[in-house]
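Structural overview for review
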Amino acid sequence: MEFSSKLLENAVNEMSQLPGVGKRTALRLVLHLLRQPESQTLNLADSLNAMRSKIKFCKSCHNISDTDLCEICANPHRVANTICVVEDIRDVMAIENTSSFRGLYHVLGGKISPMDGIGPNELNIKSLVDKVKEGHVKELIFALGSTMEGDTTNFYIYKQIQECNVITSTISRGISVGNELEYTDEITLGRSIINRIPFETSLKS
Ligand SMILES: [Zn+2]
């Protein structure tokens, strides 16, 4: 692609780093940004800048947050001894939308995937195991979706806390086979949380 402007070329190159955005799409988006009012484009740039430099991760559950402790962890009306283990913030948002869960979350930041070089140490697993070992957790709900990586991750965590006095459960398997949590409809997801099953039962099925 030949560019008449180095500034334009740089913007297109940066834009094309985004997932699913090729050079042609990047050019289309950049030209759109040039055509719209300058203030709108600057607002976009400012919001990205602020997000990248100011955003935090909750020191308890690792959810993305504007404050040290996220709004969910800081809410005294949540059931603090019930923790739902999820992969990322999209799962938190999906489950929150169901209004069926009043406990807290623990965001792992991914799933164990040796093929991609992601082991337990790359994820927020140790802090979860520590939380359970401290004895404040009554129930852990695994909500990782039943891919091979999800199963591996669930089982790894389960093994770490098996000796602890904690109930482990999993959201019903039907909902997430070949389907990420975020794509499941709210009613089904909400029901699967309410009707969660003991984790040991899921191992036998
Ligand atoms: Zn939190």
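Rules used in this analysis
- Residues numbered from 1 in each chain as written.
- Predicted model: local features only at pLDDT ≥ 70, side-chain atom pairs only at ≥ 80, totals over all residues.
- UniProt positions renumbered as here; feature names shortened; annotations may be inferred.
- Helix = DSSP H or I, 4+ residues; strand = E, 2+ residues; numbered from the N terminus.
- Domains from an automatic or database assignment.
- Contact = placed C-beta atoms within 7 Å.
- Core = buried A, V, L, I, M, F, W, Y, C linked by C-beta atoms within 7 Å.
- Buried ≥ 20, exposed ≤ 12 C-beta atoms within 10 Å, placed from the backbone.
- Pairing = 2+ DSSP bridges.
- Right-handed = clockwise from strand over helix to strand, strands pointing away.
- Axes fitted to C-alpha atoms, helices over the stretch in contact; angles between N-to-C directions.
- Parallel < 35°, antiparallel > 145°, perpendicular 65-115°, else oblique.
- Left-handed = near helix turned anticlockwise from the far one by under 90°.
- Nonpolar A, V, L, I, M, F, W, Y, C, P; charged D, E, K, R; others polar.

1. Brief notes about the UniProt feature "zinc finger region: C4-type" (unreviewed entry) in the chain
The feature "zinc finger region: C4-type" (unreviewed entry), as annotated in UniProt, sits at residues 58–73 in this numbering. Summarising residues 58–73: 19% helix, 12% strand, and an end-to-end C-alpha distance of 8 Å.

2. What about the domain arrangement of the chain?
Its domain assignment divides the chain into domain 1 (6–54) and domain 2 (64–204). Computed over C-alpha atoms, the centres of domain 1 and domain 2 are 35 Å apart.

3. So, the environment of Glu149
In this structure, Glu149 sits in helix H7 (residues 148–161). Sequence separation between Glu149 and Met115 is 34 residues, and the spatial gap between their C-alpha atoms is 9.9 Å. Setting aside chain neighbours within four positions, we find Glu149 in contact with Lys111, Ile112 and Ser113.

4. Details of the nonpolar core
Counting 30 residues, the largest nonpolar core has Cys84, Val85, Val86, Ile95, Tyr105 and Ala143 as its most contacted members. Taken together, the elements giving at least two residues each to this core come down to strand S3 (79–86), helix H5 (89–98), strand S4 (103–107), helix H6 (126–133), strand S5 (139–142) and helix H8 (186–194). The element best represented in this core is S3, accounting for 4 residues. Sequence-distant contacts of Cys84, defined by excluding residues within four places in its chain, comprise Ile95, Phe101, Gly103, Tyr105, Ile141 and Ala143.

5. A closer look at the pairing of S4
Buried residues dominate S4, accounting for 4 of its 5 residues. In this sheet, S4 lies alongside S3 in parallel orientation, the contact comprising 5 bridges. Within S4, the residue paired with Val85 across the bridge is His106. Each parallel crossover has a hand, and for S3 linked through H5 to S4 it is right-handed.

6. Things to note about unusual backbone geometry
You will see that His62, though not glycine, has its phi angle at about 70°, which is positive. Considering the arrangement of structural elements, one finds His62 in the loop between strand S1 (56–57) and strand S2 (64–65). Classification of His62 as buried rests on a count of 20 C-beta atoms within 10 Å. Although it is not a glycine, Ser99 adopts a positive phi angle of roughly 55°. When the 9 C-beta atoms within 10 Å are taken as the criterion, Ser99 is described as exposed.

7. A short note on the sheet that holds S3
Taken in spatial order, the 5 strands of this open sheet run S4-S3-S5-S6-S7, and their pairing is mixed. Either end of the sheet is taken by a strand with one partner, and the two such strands are S4 and strand S7 (197–198). The pairing of strand S6 (residues 167–170) with S7 spans 2 bridges and is classified as antiparallel. Across the sheet, residue Thr170 finds its bridge partner in S7, namely Ile197.

8. Looking at the pairing of S5
Both S3 and S5 contribute to a ladder of 4 bridges, which runs parallel. Counted as the bridge partner of Cys84 is Ile141 from S5.

9. A word on the packing of helix H1 (residues 6–15) against helix H2 (residues 23–35)
Contact pair H1 / H2: the axes reach a minimum separation of 8 Å and the direction vectors enclose 120°. By the angle between their axes, H1 is oblique relative to H2. Like other packed secondary-structure pairs, H1 and H2 cross with a definite hand, here right-handed. Across the interface between the two elements, Leu8, Ala11, Val12 and Met15 from H1 touch Lys23, Ala26, Leu27, Leu29 and Val30 from H2. Residue composition of the contact of H1 with H2, grouped by class: 8 nonpolar, no polar and 1 charged.

10. Here we look at the packing of H5 against H8
Relative to each other, H5 and H8 sit at 90°, their axes nearing to 8 Å. Considering the angle they form, H5 stands roughly perpendicular to H8. In this structure, H5 uses Ala94, Ile95, Asn97 and Thr98 to contact H8, whose residues at the interface are Glu186, Leu189, Gly190 and Ile193. Of the residues that constitute the contact of H5 with H8, the class distribution is 4 nonpolar, 3 polar and 1 charged.

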